[in-house]
Amino acid sequence: MYRPANGAPASSVAEDLRGPKLGRFCRGCGGIYPLYRERHDGKSLNGRDHVSPPCTHEGESFDDGESWWEDAVQVLPT
């Protein structure tokens, strides 16, 4: 079974507990999207299931400087 690394938005993790960047965290739906995806396509690494309504940012591009997403990092063990 594949289990993605424990990730969280970088702003919510103390600097000493931040691991490598895992992807992009959408503030709208709470999903973490892989770095190789250029757009928010509704297929997150982890997040809500497929039954939930689509995110308001679905289809948008992960452009630098946008306020609706931020980097997601691995949370290191304490």
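Just above, that's the structure.
Below is a summary of the structure that appears in this document. Residue numbering note: each chain is counted from 1, following its sequence as written. Only residues with pLDDT of at least 70 are given local features in this predicted model, and only at 80 or more are side-chain atom pairs given and counted; all residues enter the totals for whole chains, interfaces and linings. The basis for every side-chain value is the complete set of non-hydrogen atoms in the structure, without hydrogens or water.

## What to know about the nonpolar core
Consideration 1: Grouped together as the largest cluster of nonpolar side chains are seven residues: Cys26, Cys29, Tyr33, Cys55, Phe62, Trp68 and Trp69.
Consideration 2: In this view, Cys26 contacts Gly31, Tyr33, His40, Cys55, His57, Trp68 and Trp69; residues no more than four positions away in its chain are not counted. Nine residue types can take part in a nonpolar core, namely buried Ala, Val, Leu, Ile, Met, Phe, Trp, Tyr and Cys, and a core is a set of them joined through side-chain atoms within 4.5 Å. Using a 1.4 Å probe on the protein chains alone, a residue whose accessible area is under 20% of its type maximum counts as buried, one over 50% counts as exposed, and one in between counts as partly exposed. Any pair of residues with heavy atoms lying within 4.5 Å of one another is described as a contacting pair.

## Examining a negative patch on the surface
Consideration 1: Here, patches come from residues exposed beyond 30% relative accessible area and free of salt bridges, joined within 9 Å for like charges and within 5 Å for nonpolar side chains (Val, Leu, Ile, Met, Phe, Trp, Tyr). Every accessible area reported is derived by Shrake-Rupley at a probe size of 1.4 Å, with residue values counting cover from the shown protein chains alone. The salt bridge definition used is simple: a Lys or Arg side-chain nitrogen within 4 Å of an Asp or Glu carboxyl oxygen. This count recognises Lys and Arg as positive and Asp and Glu as negative, with His and chain-terminal groups excluded. Where a charge sits is defined by one atom per residue type, namely NZ (Lys), CZ (Arg), CG (Asp) or CD (Glu). Taken together, the side chains of Glu60, Asp63, Asp64 and Glu66 define an acidic patch exposed on the protein surface.
Consideration 2: Only DSSP runs of H or I covering at least 4 residues are called helices, and only runs of E covering at least 2 are called strands; the numbering of each starts at the N terminus. Mapped onto the secondary structure, Glu60 falls in the loop between strand E3 (32-34) and strand E4 (69-75).

## Re the pairing of E4
Consideration 1: For strand E1 (residues 7-9) and E4, the ladder comprises three bridges, and the chain directions are antiparallel. Directly across from Pro9, in E4, lies its bridge partner Ala72. Strand pairing follows a simple DSSP-based rule, namely that at least 2 bridges must link the two strands.

## Here's the deal with the pattern of salt bridges
Consideration 1: With the rule as written, the count across this model stands at three salt bridges.
Consideration 2: With its nearest N and O atoms 3.9 Å apart, the salt bridge here joins Lys21 to Asp71. Taken together, the residues span a long stretch of sequence, with Lys21 in strand E2 (residues 18-26) and Asp71 in strand E4 at a distance of 50 residues.
Consideration 3: We classify Asp71 as partly exposed; its relative accessible area is 31%.

## Some points on the environment of Ala5
Consideration 1: Secondary-structure assignment places Ala5 in the segment before E1.
Consideration 2: Taking relative accessible area as the criterion, Ala5 reaches 34% and is therefore assigned partly exposed.
Consideration 3: Not counting the four nearest positions on each side in its chain, Ala5 is found in contact with Leu22 and Gln74.

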